[in-house]
Every structure is written in C-alpha cells, then in structure tokens.
Amino acid sequence: MYGHVPCKRTREKEGLLHLLELPAGTSLQSTPTAHPYLTVKSFSRSAAGHHTPHQDELRPPDILYKTVCHLLTSTVLRQGVDWCTVYDFVFDRLRAVRQDLVIQGLGCVESIPILEPTVRFHSYAGYRLCAEPLSKFEPAINCTHLLECLKRLLVLYDDCHNTSSLEVRADMEALYLLMGLGSYQTLSRALQLPGELRQHPTVKTAFAMSLALWSGNYVRLCTLLPKLPPLLKCVAAQQLPLVRRHALQIMSCAYSSHNLTFPLSRLQTLLLYKTHKQAESDCKRYGISVKDNAVMFNKATFQPNAHGPCLYVECVDMALQSVDLTELLLLKDRAPEPTETVK
C-alpha cells in the first residue's frame, strides 16, 4: 500500500475506498476491502480542527516517488475504467503526494523527480480530456495545478543546478513558454536561461512560437507546432483556441469584404483544424459567415468575446499513437515494483 495503515482501515470502515483501490469484482460488495497494493493515501484538505500530521503519517521521499511511479504506470493504464475516473483518482493521489512533500519541506533532490512527472501528467490529461463535458473534467482546475507544479519546479531548477538532465529541463522550460504563449514574462525568462538551454532545439521552437503569437504571426506558430515533441504538442494544442481567436480577428479585418471569400479548406490547414466542420463551427462562433465552403470575413460582425473549445489536432493524435504512455509520463519503461505496506 502507498499510504498509511490506519488511514486505509478507516477508509474501509467508512466506505471511502475508490473503485481503483478495490480487488477486481468486489466493487458491488456492501463492505469491500482494499487491495493490498492498490490503495493510495488520499488528499486531505487542511481545515480548522484538523491536527497537523505526525511524522509517522508522512511518507518518506522514496515512497513518495514509488507512489508517483505506481500511479503513472499501472493506474493510468487500467483497462475497463473510464479515463475521467482514472484522472480524478490520480489527480487526488498526486495532490496528496505533493502535500506530504510540502509538509516535510523536502529539497530539490527529492522534489524534482516527483514534480516533473506530475507536470507531464497534467499536460497530457489536459489534452486527452479536452473534449469531455465540464461535469466530468474541468480544464481550468487542471491548468491551475499544472502551473502550480511547473512554477515550483522552475524555482527548484534555479536554486539547484544539475539536478535534471539537459533534455528534461529543456522540455520543462519549453512547456512554460507554451503555457504563456506571447507573454512577456515567459519570453523574458527564456532570454535569461543559460546558453545551452537557450540553444536547445525544443526551447528554440517554443520560444519562436511564443514570439510568433506576440507579433501576430499565427501562421508561423501553427507551422512550428508539429515540430514539437509529443507531450509539448499536447500543451500547445490546448493553447490553439486563443491562437485561432487572434487569427480570425486579424483575418476579419484584413480580408473584410462583401464580395471576396477565403477557402475554408485553406483556413482549416492554416489553423490546424482536424475537419472542415470544426473550422466552420469556429467561424460561426465568432460571427464569421461560411457558405459553400467559402469564408466571408467581415470586421463589423466579428465577435471578439466569444471563446472556441479546445479541439483534437491531427498531428498531436498521430504523435501520441506512436508513444508509450508510461514512457511519456515517466521517461522510463518500468516503474518500481509495489512494496509492502508502509507507515
């Protein structure tokens, strides 16, 4: 078990075990018992009247890391369970891991190997679940926790040198650029990075994309997106609604006409829409008319306050099909084996 024994027993007694913590075929029992290797300590919100956890209730760094590995291997790959359910479980248990991390005041060496895969999980989940209704997945909450972990990770990078490989840190620095496309703050940080990081191909691509949005060059931004590694493609795809809104607003002014039209197929290609229907739906959302696969831009009818949804992108889906999920999240093929119950 990746948690604390009394906590496990209390949750069994009160019926608070999660579906993913039960042995197969026991979920319908009136008082199911926990699986010895699948039960993971849940997040407990600090509140008035709750005591501060004792030291023996906190998991040591090695167990925290093994917990993360367990969650991002066997748990995320569970078959026969809706992935929204898997996400909710992993989200909560990773939050509990971070809680133990903070309470113990663990440093760079212990924190970085835990925060890096947590950032990857939230980055991937945000794209995988982007089409789900808000009742099942809230992208804003996922994004908040992603940024919280990422910013903490960047601070640790600044405080501790050589704690991660160049490739891993380059991915995280690039991810920060993509989360704040066109932001002065993210661009400024990138310019202050050590030379080997600034010149890393992944960071250079993300920087060029951010600069492209800042300068209004949405075509260049969308051209660069397919050149990113798979996980960073997921992050960039989640920023496309903002990019498309800016692009369509610019085009509504540049191509505003009652007589001329713009090919819908060309717009689909430029802004990375997966289908004609997606491109047409987005146009209508922003007050842009589409007739016979032709777009009629008119600056007077554009709706700048509308917001388009996050959509799946062909190049991202193809990249994810060829990547092992465990490798994507942990950068390794196999997690540590489950350990015996720990206090």
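So, how was this worked out
- Residues numbered from 1 in each chain as written.
- Predicted model: local features only at pLDDT ≥ 70, side-chain atom pairs only at ≥ 80, totals over all residues.
- Heavy atoms only, no water.
- Disulfide = S-S within 2.5 Å.
- Helix = DSSP H or I, 4+ residues; strand = E, 2+ residues; numbered from the N terminus.
- Buried < 20%, exposed > 50% of the residue type's maximum accessible area, 1.4 Å probe, protein only.

A.B. asks: Whenever I open this one, the state of the cysteines confuses me. Can you help?
C.D. replies: Each disulfide consists of a covalent bond between the sulfur atoms of two cysteine residues. The tally for this structure, following the rule as stated, stands at one disulfide. Covalently, Cys108 is tied to Cys160 through a disulfide, its sulfur atoms 1.7 Å apart. Measuring handedness by torsion sign, the sulfur bridge of Cys108 and Cys160 sits at about 50° and is right-handed. Separated by 52 residues along the polypeptide, Cys108 in helix 4 (residues 108-128) and Cys160 in the loop between helix 5 (139-159) and helix 6 (166-179) bring together distant segments of the chain. Take Cys108 and Cys160: they sit in the same class, and that class is buried.

A.B. asks: Please explain unusual backbone geometry as it appears in this structure.
C.D. replies: Although it is not a glycine, Asp292 adopts a positive phi angle of roughly 55°. Along the chain, the position of Asp292 falls in the loop between strand 2 (289-291) and strand 3 (294-296). One non-glycine residue, Asn293, lies in the positive phi region at around 60°. The residue Asn293 is located in the loop between strand 2 and strand 3 in this model.

Such coordinate-based values are descriptive only and should not be taken to indicate function.
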